[in-house]
Amino acid sequence: MANWIDSKMSLQNQEYAKQILKEYNLDNLTVSYIEKTNSLNFKQDRRTVSVPLSLLESGAWGDIRFLFRATLEAPNSLWNKSADENDWGGNNFYKAE
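Residues numbered from 1 in each chain as written. Predicted model: local features only at pLDDT ≥ 70, side-chain atom pairs only at ≥ 80, totals over all residues. Heavy atoms only, no water.

Trainee: Give a detailed account of the confidence of the model for the chain, specifying residues and quantitative values.
Mentor: The pLDDT averaged across the chain works out to 82; a share of 74% of its residues lies at or above 70. No element of the chain has a lower mean pLDDT than helix α3 (residues 61-72), which averages 88, and none a higher one than strand β2 (residues 30-34), which averages 94. (pLDDT = per-residue confidence, 0-100. Helix = DSSP H or I, 4+ residues; strand = E, 2+ residues; numbered from the N terminus.)

Trainee: Run through the sheet that holds strand β4 (residues 47-52), naming residues and quoting values.
Mentor: Spatial strand order, β1-β2-β3-β4: four strands in an open sheet with mixed pairing. Two strands bound the open sheet, and with one partner strand each, they are β1 (4-5) and β4. The sheet contacts of α3 involve β3 (39-44) and β4, and relative to β4 the element is tilted by about 170°. (Pairing = 2+ DSSP bridges. Contact = heavy atoms within 4.5 Å. Axes fitted to C-alpha atoms, helices over the stretch in contact; angles between N-to-C directions.)

Trainee: Explain the packing of aromatic side chains to me, and be specific about the residues and the numbers.
Mentor: In this description, an aromatic ring pair is defined by two values, namely the gap between the centres and the angle between the planes. Under the definition given, this model contains three aromatic pairs. Here F42 and F68 contribute two aromatic rings whose centre-to-centre distance is 5.1 Å and whose plane-to-plane angle is 75°, an arrangement assigned as edge-to-face. Of the two residues, F42 is situated in strand β3 and F68 in helix α3; the sequence distance between them amounts to 26 residues. F68 matches F42 in its accessibility class, with the two residues each being buried. (Phe/Tyr/Trp six-rings, centres within 6.5 Å; stacked < 30°, edge-to-face > 60°. Buried < 20%, exposed > 50% of the residue type's maximum accessible area, 1.4 Å probe, protein only.)

Below you can see the structure in the form of structure tokens.
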């Protein structure tokens, strides 16, 4: 599946997004620009990585790599493990290792 980049973004931001996607060989992401935070948002399923444009402009590729690894490569969350015994509790789907 291909990446989707919001066509409403400026050409410069679209180029930044393409550069990040190519640099880290990312796939199946939706990219948009958030003006309030001046950042690019990369979404995959429910996971979102916000990359401030200041990191791109300063060339902080190590920091950008960290954001993607910490978010997209994180294991499934067991946040619901302490829920009461029910059908949707984390204990029914995941085993702590």
